[in-house]
Structures are given as C-alpha cells and as structure tokens.
Amino acid sequence: MNQLLLERSTGGIGPNVFARLQTTQLLNSFGPAPGFRFDGGERVNKVQHDRIGSEALGTEGTSSIWAHQAGVNALALDRFDGRILVSGGLDGSLKIWDLEQCGNPSKPHTFTPATTVRRSDKTHKFGITHISFYPFDAAAFLSTSYDHSLKLWATERASLSASFSLGSKVYTHAISPIASHVLVACGTQHPAVRLVDLRSGSNVQSLAGHAGAVLATSWSPRHEYVLATGSADGTVRIWDIRRAGGVIGMLDQEDSLGLYHNGLLDSNGKVRIRASAKAHSAPVNGLTWTDDGAYIVSAGHDRRIRVWDAALGSNTLASFGPGIRNSHLASVTMFTSPAGLTHPGKELLFLPNETEILVLDLHDGHMVTKLRSIGGAPRNNKNRISSIAWRGSGGGGSSSGVAMGGSNMAGAIFSAHFDGQIRAWTPRMEGGDSADEDESESEVSEDKAKKRKALDDVFKGLMGKKITFT
C-alpha cells in the first residue's frame, strides 16, 4: 500500500489505475459481517419454538431475530445512493430498510425496517419472487409474486401505485436501465414473455417462441430494445422488441465462433437461427449482462455457467468447474462487478451457490473466494441463499454503481436466506485485520502470563514447605 501511495504521489501511476488497484483489492477481500443483523420485529412464541425446533432457530446466535420469519426470497438495493434496501418474504410481505441507520460501520448494528407492507388482498397474497428499483431513481420499485401479479410501489410511503395481473405464476421481471419505453419484461409459467407498459398500464405485447416457462429475463445495458430471456426448455433467446418476429438470435452452447463465422449471419445482416440451438442442456434460470453490454452470463440446471460474447453470440468457453449447484425452479440473481472497478478483462462474477456466494473470474472461471457464514450454520434448504444484492452508489444508465458502498460503508453485498435472515458481507479494510490480530495476540499473551504465574506460585508453594517423612 505504501509503495502504491509513493508511486501515485510521484506520478508513477495515474488516478484511474490507482483507484482500480484499490477497488480490485477490496473486491477480492469480501468476508462475512455478522455484526450487521436485520430485525423485522417478528418474534417466535413457545409453541412455534417447539414446532420449528432449536436447530432451525439456533444459527449464528439469531434464534429470536428474523428479517422475515417465513424466509426471505428477494432483495433489491438502489444504485443511486446505495441507501434503500427492499426485501420480500415468502409470506408475501415487503420491508424497506434504511442502510444509513448504521452510523459507524466498524461497530455491530441491528437494522430495523423503516416500513413494512404486510400480506393482504390488496398487496401480495403469496411469496415475493423478484424485486427491482425503477431505473431512473429510487422513488419507486417493482415486485412480482406467486400470486400472478406485478406491482409498482412508491418507496417513501410504501404505497401501491399500480397492479397488473399476468394470469400465471410470475418467476421474475426486468426493466431496462437505459430505455425510455419503461416496458417491464415478465417471465411467467406461460412460455410467452409478457411485456407490461407502466405508462399505459396494459400488457402491450407477448413474445412467443419458448417451449417452457420463462425463468430469466435481462435487458441489454447498451441497446434499449434488446432483451435476453431464458427458459425451462434450455434456450436463451435474444429479442428486438421492435420487430414483428421479435427474436433475432438464439445462444448455442456448441457455437464458439459466432454468427458471422459459422455462416448464420449473411452480408445483408440477416440472421438465420438454428432451431436446435440450446444454451444449456437443462432449464436456464439465470441471466445477466456486464455493465458495458459486452458479455451475457447464463446459468442453468445443468450446473453450468456460460459466458457469451454479446456482439457475436459465441460461447467464450469459460470453464467454472464442477462446484456449481443450481437445481431450483427460481431465478438466480447473479451479477458482475460494476464497470470501472476492475481492469478490463478482469471482471468478477458473484453467484449464489446454495448456502454460499462464489466470487469467480468472469473470463477464465477460476474461483477467487467463497463467502460462507460464520458459526457453522447448517447447510440445508433452510439456510439456502435465495437472492443477493450489490451495494453501490453513483449508478445511472447502464452502471450498477461506480462507487463501492454508500456514504457509511466501503462496499457490501447482502444475501437473502430461506432461514429468514438477511446477511451482510463487507470488504476487509487494510489495517483492520492487523489491529484485530494485535489485540487478540495481546489477549493470548496476557492469558499465558496469568497461567505461568499461577504455576510458579504452586511450584514455589510446594518447594517452600518442609516435608517430614515418618
């Protein structure tokens, strides 16, 4: 660190390079932050305690604190100030948390919800499946549920602004970060992608082509009318919603060359689609783009992560190894490190993997680190991660947050768990670990000194006594 500061002060490295070196170091140092807890105000009574059992309640000393007692199924964090976190429970409730409640991030803090929206006939009736903020400010957010509805909410008052019935179970939704058309793409149990216009309040279009439920949707951060969708039929389709036919391409796991080189793109720009093309050999339930729109990342039940060149449509053949676990009929909320935080070609992928979060190199697939809870939390379905959210600020357009963290924290990831907890993960600041180590070492040395003194006293007491044999 001192060497970097010297080189920066002498002009050896520029400000952008220096900043990227620091943020890269922070990205590689994330670890659990058990001092941050989320208390939704729900308490268990003795009957519930006996029914649930102590094993389910006794993780990490949080037996009486839950964010959502029924389980947390969705998270969203605003990318503008990195302040407002919205969580959705399996019981259909929504809670809004102000992350700036914590004045000193170096000390433990228990967050309490600023507002709670409880389950009712006018709100959501069943579990929340996905939450996202309005793309242009944090004043509104969207939620979908197993109750077949998409709802628009005013953040400050937590009041319902609009509701849309989609007629089938909704797994996920997405709204473009750059477009002015404010169309929400919804993935449902029905094989057609539903587009909802927030301005007109109607289902304006259906994109037909998939042969199974749509489990993943993601808009391009570069082209406002381009949408990627993943389905239970194993396909990933790329759509231009302005075209009559809609679909402009399908990702093929066997294609490592791209549309032009394999003859699927002619000189006139017309694309020929291979009908048998599949991105995965099992349902696709995860899709995301890098902030610059250069790559698409897909996840499937075949336990594979694939990275695609968005311009060519080719499989980059990045290998992430055999440790990927993905088998649930739910959307996977993975994300890549925001543009500008790492050097080009060194982006990281953050992936929920059952009870842990994997931090992976996006381009060669090697594992940077695994994020696991402290305290030996049980590795079962009750502790499974259902959603993760990145805390960044200064976001806008295609950026998911150019600055790490918010005004009171140097970066964070929040994870939603089926055991009812929201857990925090923060980067380890330089100097923090050494200070902790020095403190722990001094405590150990003091303990050793006390034990040595006690033994010396016993020895001297024995040697000082006169022993008489009879």
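None of the values given here were measured: they were computed from a predicted structure.

### Focus: the overall build of the protein
Of regular secondary structure, the protein possesses five helices and 31 strands. A buried classification covers 51% of the 470 residues belonging to the protein. Looking at the protein alone, contacts between residues at least 24 apart form 53% of all its contacts between residues at least 6 apart. Of the roughly 21700 Å² of accessible surface on the protein, a fraction of 52% belongs to carbon and sulfur atoms.

### Overview of the nonpolar core
Membership of the largest hydrophobic core comes to 19 residues, with the highest contact counts inside it found for F38, L75, L85, F414 and I422. Where this core is concerned, the elements lending two or more residues are β2 (36-38), β3 (72-77), β30 (412-417) and β31 (422-427). Ignoring anything within four residues of it in the chain, the contact list for L85 reads F38, L75, A76, L77, K95, I96, W97, L99 and I422. In terms of nonpolar packing, the next biggest core, distinct from the first, is built from 16 residues, L26, L348, W390 and I413 among them.

### Here we look at the sheet that holds strand β4 (residues 84-89)
Taken together, four strands build an open sheet; the order of strands is β3-β4-β5-β7 and the sheet is antiparallel. Only two strands of the sheet have a single partner each, and these edge strands are β3 and β7 (115-117). Across the sheet, the mean angle separating the axes of adjacent strands is 20° when strand polarity is ignored. As judged from the three bridges shared by strand β5 (residues 94-98) and β7, these two strands associate in the antiparallel manner.

### Re the side chain of T290
Tracing the backbone shows T290 in the loop between β20 (284-289) and β21 (295-300). What T290 contacts, discounting residues up to four positions off in sequence, is P221, Y295, T336 and L362.

### Details of the packing of aromatic side chains
Per the stated rule, a full pass over the model turns up twelve aromatic pairs. A centroid spacing of 6.2 Å and a plane angle of 45° characterise the contact between F36 and F111, whose relative ring orientation is tilted. In this pair, F36 is assigned in strand β2 and F111 in strand β6 (residues 109-111), connecting sequence segments 75 residues apart. The pair F36 / F111 is uniform in exposure class, with both members buried. Put simply, the rings of F36, F38, W97, F111 and F414 pair up and form one aromatic cluster.

### Considering the sheet that holds strand β9 (residues 140-145)
The four strands lie next to each other as β8-β9-β10-β11, forming an open sheet whose pairing is antiparallel. Each edge of the sheet is formed by a strand with only one pairing partner; in this case those strands are β8 (128-133) and β11 (159-165). Neighbour-to-neighbour, the strand axes of the sheet open up by a mean angle of 20°, direction not taken into account. In this sheet, β11 lies alongside strand β10 (residues 149-154) in antiparallel orientation, the contact comprising six bridges. Considered in β11, the bridge of S149 is made with S165.

### Points about the confidence of the model for the protein
Of all residues in the protein, 81% have pLDDT values of 70 or greater, and the mean over the chain is 84. Counting contacts from residues 433-441, a segment whose pLDDT is below 50, to residues more than four positions away or on other chains yields one contact.

### Regarding the pairing of β10
Of all six residues in β10, six are buried; the element is thus mostly enclosed. Here five bridges tie β9 to β10, and the two strands are oriented antiparallel to one another. Bridge pairing in β10 links F141 to W153. The turn linking β9 back onto β10 is made up of three residues, and H148 within it adopts a positive phi angle of 75°. Between β10 and β11, which follow one another and run antiparallel, lie four residues, and A158 among them has a positive phi close to 55°.

### Topic: the pairing of β9
Each regular strand shows side chains that alternate between the opposite faces of the sheet. Summarising burial for β9: six of the six residues are buried, a large majority. Here β9 shows two buried faces, one formed by A140, L142 and T144 and the other by F141, S143 and S145. Where β8 meets β9, five bridges bridge the pair, whose relative direction is antiparallel. Its bridge partner being in β9, I131 is matched across the sheet by S143. What sits between β8 and β9 in their antiparallel hairpin is a turn of six residues.

### A look at the environment of S337
With respect to the helices, strands and loops of the structure, S337 is situated in the loop between β24 (335-336) and β25 (348-353). Exposure remark for S337: the relative accessible area of 2% places this residue in the buried category. Residues S337 and T24, spaced 313 residues apart in sequence, show a C-alpha to C-alpha distance of 9.6 Å. Setting aside chain neighbours within four positions, we find S337 in contact with L27, T342, E347, L348 and F350.

### Observations concerning the pattern of salt bridges
Scanning all chains against the criterion turns up eight salt bridges. Note that R83 is salt-bridged to E100, the shortest N-O span being 3.7 Å. Highlighted residues: R83 in the loop between β3 and β4 and E100 in the loop between β5 and β6, separated in sequence by 17 residues. Taking the relative accessible area as the measure of exposure, R83 reaches 34% and is therefore partly exposed. Residue E100 is classed as partly exposed on the basis of its relative accessible area of 30%. Salt-bridge contacts for D419 lead to R423; the nearest nitrogen and oxygen are separated by 2.9 Å. Since its relative accessible area comes to 10%, D419 is described here as buried. With relative accessibility at 6%, the residue R423 sits in the buried group. Among the charged side chains, a network of salt bridges with common partners joins R83, D98 and E100.

Calculation notes
- Along every chain, residues carry numbers that run from 1 in the direction the sequence is written.
- pLDDT decides what is reported in this predicted model: residues at 70 or higher carry local features, side-chain atom pairs at 80 or more are listed and counted, and totals for whole chains, interfaces and linings draw on all residues regardless.
- Side-chain calculation: all heavy atoms of the structure are included, whereas hydrogens and water are not.
- Runs of E in the DSSP output that reach at least two residues are strands. Runs of H or I that reach at least four are helices, and both are numbered from the N terminus.
- The classification of residues rests on relative accessible area computed with a 1.4 Å probe and restricted to protein chains. Under 20% of the type maximum is buried, over 50% is exposed, and intermediate values are partly exposed.
- Every residue pair with non-hydrogen atoms within 4.5 Å of one another is taken to be in contact.
- All accessibility values rest on the Shrake-Rupley procedure with a 1.4 Å probe; residue burial counts only the protein chains present in the view.
- Nine residue types can take part in a nonpolar core, namely buried Ala, Val, Leu, Ile, Met, Phe, Trp, Tyr and Cys, and a core is a set of them joined through side-chain atoms within 4.5 Å.
- Paired strands, as defined in this entry, are two strands with at least two bridges between them according to DSSP.
- Convention adopted: a line fitted to C-alpha atoms gives each axis, helices being fitted over their contacting stretch, and angles between N-to-C directions are expressed from 0 to 180 degrees.
- Two rings from Phe, Tyr or Trp (for Trp, the six-membered ring) form a pair when their centres are within 6.5 Å of each other. A pair whose planes differ by under 30 degrees is stacked, one over 60 is edge-to-face, and the rest are tilted.
- Looking at any residue, its pLDDT shows the predictor's confidence there, from 0 to 100.
- Salt bridges are defined as contacts in which a side-chain nitrogen from Lys or Arg sits within 4 Å of a carboxyl oxygen from Asp or Glu.

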